[in-house]
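Structural description and commentary
One-letter residues, chain by chain:
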Amino acid sequence: MGKNELTVKKLKEENERLRQENEKWKRYVAHLSHRLRTPLNSISGLATIIKNCRNNPDEVLECVNKMDFASQMLVNIVSSVEEFSAVLDDEPPAYNSRFDFKLFISSISFDFSNQCRDDGVDYSVSFEDEADEELLGDSIHLNQALFSMLNFALASSQPGGKIELSVSQTRMDRSNVMLQLAMKDNGCGFTEKELEELWDITGCAKIDFSLAATKRIIERMGGDLSARSVPGEGTTLTATVPFVIASEADDSMCESLTVLRILMIGLDNQTRNSVCEILKRVGADFTCVESTEKAVAAIKEAEEDGSSFGLCFADWTCAEEDIAESVESLRYTAGDKPLHIAAVIDYDNSDIRNEAYAAGADSVLAKPLFQSTIFNIMMELSGKMYKKSSVLRGEFDLTGNCVLLCEDNELNAELALELLNSAGLEVDCAMNGDDAVATFEASEPGTYDAILMDIKMPEKDGFEAAQEIRALKRTDAKTVPIIALTADAFAGDIAKAKECGMNDYIVKPIDTRLLYQTLERNIKGKVL
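What you see is a predicted model; the values in this text were computed from it and never measured.

Conventions adopted
- Residues numbered from 1 in each chain as written.
- Predicted model: local features only at pLDDT ≥ 70, side-chain atom pairs only at ≥ 80, totals over all residues.
- Heavy atoms only, no water.
- Core = buried A, V, L, I, M, F, W, Y, C linked by side-chain atoms within 4.5 Å.
- Buried < 20%, exposed > 50% of the residue type's maximum accessible area, 1.4 Å probe, protein only.
- Helix = DSSP H or I, 4+ residues; strand = E, 2+ residues; numbered from the N terminus.
- Pairing = 2+ DSSP bridges.
- Axes fitted to C-alpha atoms, helices over the stretch in contact; angles between N-to-C directions.
- Contact = heavy atoms within 4.5 Å.
- Phe/Tyr/Trp six-rings, centres within 6.5 Å; stacked < 30°, edge-to-face > 60°.
- Lys NZ or Arg CZ within 6 Å of the ring centre and 35° of its normal.
- Right-handed = clockwise from strand over helix to strand, strands pointing away.
- Polar contact = N/O pair within 3.5 Å; in protein donor to acceptor, adjacent residues only side chain to side chain.

**Here we look at the nonpolar core**
Ranked by internal contacts, the top residues of the largest apolar core, which has 41 residues, are F101, I105, L146, I163, V167, M183 and F243. Of all the elements in the fold, those that place two or more residues in this core are α3 (101–118), β2 (122–127), α4 (139–155), β4 (162–171), β5 (176–185), α6 (211–220) and β7 (234–245). Judged by nonpolar contacts, the second largest core, of 25 residues, contains A295, A302, W316 and A359.

Below you can see the structure in the form of structure tokens.
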């Protein structure tokens, strides 16, 4: 082979390599766009729901919580862009924190059910047993893994297909639980050889959020990902991941709920079984029927026995019944006895939600139904309160302490100021790095108990400002806690923050509980 022929061959090989790399990047951009649109669609849909139920504070709060969760998922996706290149070769950073598992599953189900609906695929989620709702662990990588499994199932499905997510928890001991997520589809299915190729880590591109990479992530969380598949029948992906139980259930909240009789109408088997287990736990008196006609009969029978139903969980999504007529029949039969009708719908579909309210339902609950969701409504009807906010008023009291807040974005500064004032803190504000250094230098020693420092700022960033403060010739320059406020959660940025003399960091958007906990920890542990 001549020199020219070798040159042409090398050029062709290089051209083919570049073509393949270009295809990889196209797939990556398409995948990233898809992942970003999912939480964005969620936020847009929830905003629509809020507009339609703004007179119902409980539902507005629930939607706002889900929007907050969706926004955090957006941050996680952006973080994963830089992080993912290290997933296959290096140990990815762990984001261990306390999270609401109920909100986690509900938000993902809301996002994914809309996506499946657009593709003509039926999606359902069920709990095989009672679930601990407050967990401690890496919810960020769990979110990435679960979305990868969901997207894999959707890619394997055809219009008219079905995807089922089954969730179960097994208590390992008092403090630990093994979470199992089984994703089942009735799509194309795969042969044993094709499954082996899916698990082949050497065959997947680094920029592809593939099943092989998902398995690696789950294994590094201490879990496992397996698959069973039959060509032409579908695939079941099963992930098992260990988590720590963040809080024990408060059985004292179950008092006085036994006086409330409950009627369940038309719930699917999985939802009914789950709700029944929860109601059995509190000793509630409940009756299950398949239709409005049988519900009317049950109400009449209860009246003859000298009692009445106070709460009704009704699911009309699959029944050939008119919701308005059903509600009217139940109200008429109950007479002057108060009956709270809670419509149960498949996820937060705003159209169905609006239809249920228009029909006369008192409240609308989206599947899956969690213990806290059921307890909330039972407690409310019993004149008590079970609901827990993310941060209880008075839970954190930092009165008497003063912080310097350095934030160049006016809206972010306003929000942070509101959060800090709510905990009793006095706050001075600086709009940039130079202003922060000058304000601290002009203050009396000991004025500030902590400094909250934004990182990304024009001219002088937070890293430089922190270094200059540490270099000042005053008694508190080296001891005042400096806490980074950053949108970057990468290991390199965290390490740089520590090198520049920062004590801690908080990732934006700001988690209120984490903000208070971090300030409390640093202020109380400050060396005087």
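Moving on from the coordinates now.
**Details of the sheet that holds strand β17 (residues 504–507)**
Strand order across the open sheet formed by 5 strands is β14-β13-β15-β16-β17, with parallel pairing between neighbours. Two strands in the sheet have a free side with no partner beyond their single neighbour: β14 (426–430) and β17. On average, adjacent strands in this sheet sit at an angle of 20° to one another, irrespective of strand direction. Sheet topology note: the strand β13 (residues 402–406)/β14 ladder contains 5 bridges and is parallel. Looking at β14, one finds that C406 is bridged to A430. Along the sheet, helix α13 (residues 433–442) makes contact with β13, β14 and β15 (450–454), crossing β13 at roughly 155°. Packed onto the sheet, helix α14 (residues 462–470) meets β15 and β16 (482–486) and runs at close to 150° relative to β15.

**Focus: the packing of aromatic side chains**
Overall, the coordinates contain 2 aromatic pairs when judged by the stated rule. Geometry around F309 places R261 over its ring, the cationic atom sitting 4.4 Å from the centre. The ring of F440 has R474 lying over it, and the distance from NZ or CZ to the ring centre is 4.3 Å.

**Some words on the pairing of strand β9 (residues 285–289)**
For strand β8 (residues 261–265) and β9, the ladder comprises 5 bridges, and the chain directions are parallel. When the sheet's bridge partners are listed, M264 is paired in β9 with C288. In this fold, the crossover linking β8 to β9 by way of helix α7 (residues 269–281) has right-handed handedness.

**Examining the side chain of S363**
Summarising the element assignment, S363 is placed in strand β12 (residues 363–366). What makes S363 buried here is its relative accessible area of 11%. In terms of polar contacts, S363 uses its side chain to reach the side chain of H340, at 2.9 Å. Those residues in contact with S363, other than ones at most four positions away along the chain, are E59, H340, I341, A342, A343, Y357 and I377.

**Describing the pairing of β16**
Counted residue by residue, β16 has 5 buried out of 5 residues, so it is predominantly covered. Across the two faces of β16 the burial is the same, with I482, A484 and T486 and I483 and L485 all buried. Looking at chain direction, β15 and β16 are connected through 4 bridges and run parallel. Looking across to β16, one finds that I451 is bridged to I482. Regarding the hand of the β-α-β motif, the stretch spanning β15, α14 and β16 is right-handed. Both β16 and β17 contribute to a ladder of 4 bridges, which runs parallel. Across the sheet, residue L485 finds its bridge partner in β17, namely I506.

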